[in-house]
Amino acid sequence: MHPVIDVRGAVKRYGQGESSIFALDGVDLSIEAGEYVAIMGPSGSGKSTLMNIMGALDVMTSGKYFLDGIEISSMDENALSVVRGRKIGFIFQSFNLIPRTTALANVELPMAYQGIKSAERKMRALKALEVVGLSDRVNHEPTELSGGQQQRVAVARALATRPALLLADEPTGALDSKSTSDLLDLFDQINAAGRTVVVITHEMEVAQRAKRIIRMRDGKIISDSLNAELVK
Amino acid sequence: MNFFEILRFALRGLTINRLRTFLTTLGIMIGVSSVIILTAVGNGSSKAVQSSLDRLGTNSIQVRSGSGGFGLRARAVSNNTKPLTVADAVALVDSVQAPDIKSAAPVMNANATCVNGTSTSTPSTFSGTWPSYFEASNTSIAKGVYFSNDDVTQGRRVAVIGNTTATELFGTDNPIGQTVRCGGIPFTIIGTTAVKGSSGFLDGDSLFLAPITAVQNSLTGYQPLSTIIVEAKSAKTTDAAQSEIQTILDARHKVKSSTSRDYRLFNQATLLATSSSSSQVFTVLLAAVAGISLLVGGIGITNIMLVTVIERTREIGIRKAIGAPKRAILSQFLIEATILSLVGGALGVLGGFVGSHFTIVGVKPVIMPSSIFLAFGVSVLIGLFFGGYPASRAASLRPIEALRYE
Ligand SMILES: Nc1ncnc2c1ncn2[C@@H]1O[C@H](COP(=O)(O)OP(=O)(O)O)[C@@H](O)[C@H]1O
Ligand SMILES: [Mg+2]
């Protein structure tokens, strides 16, 4: 079995010459199927940059990236859109739901782009909304939902396509503590069902749920270890 | 992802941004319909001028007072200008000196309001003349009779009126035999003319014709004539007739050289040439105004489209992040732009047709088919290009770039 994520020598440079910054400065990372990984580190250490590359939202300056054994770093934009739709569920700090569009339609959208038939799409979307506990909010638009509820719609949207990989960039950053713990319970549940989960966070509380914690600084991984709590 | 799915997204996009949809459609509509209406007005006015000249007949020549020039020179000459007189008209009917002239009729225009009980009418053409005027000006009688040479000699207050004047004064009653007072003077109606139709700014049926003697005696006095209408024997002899007029009038008015004539001749050909060139200028001017309005409309569309795409770049980023291919996003925006510009363009064409049914500043607009295609085509192209171009740029961004866009 190959790892779900296999990043080798990832470099991401912004700008030219003197003033250029290395957001990623040679990162190697391998994540096996079914893992639950937290990425921590100070602001500006390159966490989001790494996550965006793993999510195929961004490209690196140099290095290689294999997702599920397939090389992503050499794909063109069209092929990448397929990968984003089928293999990856991405959750943002700012939810990123389509405005003035119902929860149901938001969850259906990635499946629509995959060409899944309307009836099946709706069924799967309703199921995903049920999993995140929003069966009574399917026809609400983002502005009619709380932050926690919006983030759960985003999780449902990420799950409905049954991706191998769930990536979340500071998913609890905009949530209160109750919504945070609800969301973390949801992640536990998703991981328990066999899905790979990678979460970026500042908060120890969030990282403690993961089984493996990676720390970054200045574009490099400085530590990579199993969760101390669990090791105990 | 099939076409109907994308079409649904596009329709949703349009219904979500109702105000934008409405304003864009309105902009295109106004641009397109103003192009169609304005060019139709220009076209209509030149058509009207043409048909009024056609009606004048090809054999007739008008003699008017005044020199050919404008400005200072015209004023200098006007000091020794001899007025056109009835005697001039009489002199032109001369089978020896002027074998190519069939008839000549002096015309004395007046301004008078006619009253019949409570009805009033101010004919746009109120002329005293001779019976030969009717043939020279292609005016025929529908009901009743022409006035006769005897009526002219006796100065009888009889009149032949046009349709518009008849309706204004008598409604549906038969005007023949009735008496109206024009400028306080009673005239008995003896005939009505066949319908001429309106010619541009002038209603050809707002007409009142009476013996010149009656008009001079009672209304105008013995002022210079307005015009003399001369009829050549045939269309072929118009040029010969014209030089005969010049020979006779030059002698009578003591004109020394052809550049110092104190009268001007107009025949149908010269009138057609000057008026069609001036109405062409008019049409071009209107088309320019219309073009500017289309341009302004186009800038409006462009602006709204650009703002929309920029506003929705983040949304494009979200869509791409969850797996939307570039083609799907591009199609969505192109379909939105197409629907907007097609609907706006179609409404504009409709508006153009409706607007062209009304008489505008006295002109009955005549739609030019080319203006429809031009206006519609330009608006659709503007919509497609300025909707498509920024959308294509946004759709080509990497998702993370589009998402970062604020
Ligand atoms: N679009 C960009 N242009 C220039 N520099 C950027 C851009 N995005 C990120 N950076 C820089 O890259 C570094 C890493 O950023 P990021 O990955 O967002 O950090 P983190 O998520 O760990 O806070 C930072 O120094 C940041 O300023
Ligand atoms: Mg970050």
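Owing to the predicted nature of the structure, the values given are computational and were not obtained by experimental measurement. (Residues numbered from 1 in each chain as written. Chains lettered and ligands numbered in written order. Predicted model: local features only at pLDDT ≥ 70, side-chain atom pairs only at ≥ 80, totals over all residues. Heavy atoms only, no water.)

**Brief notes about the overall build of chain A**
Now for step 1: Secondary structure assignment for chain A yields eight helices and 10 strands.
Now for step 2: As presented, chain A carries roughly 10,000 Å² of accessible surface, and 51% of it is formed by carbon and sulfur atoms. (Helix = DSSP H or I, 4+ residues; strand = E, 2+ residues; numbered from the N terminus. Areas by Shrake-Rupley, 256 points an atom, 1.4 Å probe, with all protein chains shown as cover.)

**Some thoughts on the packing of aromatic side chains**
Now for step 1: One pass over the full model with this rule turns up 10 aromatic pairs over all chains.
Now for step 2: For the ring pair Y113(A) and F9(B), a centre distance of 5.6 Å and an interplane angle of 50° mean the geometry is tilted. Of the two residues, Y113(A) is situated in helix α3 (residues 103–114) and F9(B) in helix α1 (residues 3–16); the pairing between them involves two chains. The burial state of Y113(A) is the same as that of F9(B); both residues are buried.
Now for step 3: Aromatic side chains F385(B) and Y389(B) sit 5.8 Å apart centroid to centroid with 5° between the ring planes, which places their arrangement in the stacked category. Separated by four residues within a single helix, F385(B) and Y389(B) lie in helix α13 (residues 369–396), roughly one turn from each other.
Now for step 4: The exposure class assigned to F385(B) is partly exposed, which follows from its relative accessible area of 48%.
Now for step 5: For Y389(B), a relative accessible area of 44% translates into the label partly exposed.
Now for step 6: An aromatic cluster is present here, built from Y133(B), F134(B), Y146(B) and F147(B) joined pairwise through their rings.
Now for step 7: Over the ring of F266(B) we find R64(B), and its NZ or CZ is 4.4 Å from the ring centre.
Now for step 8: Taking the ring centre of F9(B) as reference, the NZ or CZ of R319(B) above it sits at 5.1 Å. (Phe/Tyr/Trp six-rings, centres within 6.5 Å; stacked < 30°, edge-to-face > 60°. Buried < 20%, exposed > 50% of the residue type's maximum accessible area, 1.4 Å probe, protein only. Lys NZ or Arg CZ within 6 Å of the ring centre and 35° of its normal.)

**Let's talk about the sheet that holds strand β10 (residues 220–226) of chain A**
All names here are of chain A.
Now for step 1: As summarised here, the arrangement of the six strands in space is β6-β7-β8-β3-β9-β10, forming an open sheet in which the pairing is mixed. Either end of the sheet is taken by a strand with one partner, and the two such strands are β6 (88–91) and β10. The average angle at which neighbouring strand axes cross in this sheet is 15°, direction not considered.
Now for step 2: Sheet analysis places strand β3 (residues 36–40) next to strand β8 (residues 196–200), joined by four bridges and oriented parallel. Bridging across to β8, V37 finds its partner in V198.
Now for step 3: In this fold helix α5 (residues 147–160) packs onto β6 and β7 (165–169), with an angle of close to 170° to the strand it touches most, β6. (Pairing = 2+ DSSP bridges. Axes fitted to C-alpha atoms, helices over the stretch in contact; angles between N-to-C directions. Contact = heavy atoms within 4.5 Å.)

**Description of the confidence of the model for chain B**
Residue and element names in this part refer to chain B.
Now for step 1: Residues with a pLDDT of 70 or more make up 92% of chain B, whose mean pLDDT is 84.
Now for step 2: Every residue in residues 69–78 scores below 50 in pLDDT, and together they form five contacts with partners more than four places removed in sequence or on other chains.
Now for step 3: The ipTM assigned to the predicted complex is 0.94, against a pTM of 0.69. (pLDDT = per-residue confidence, 0-100.)

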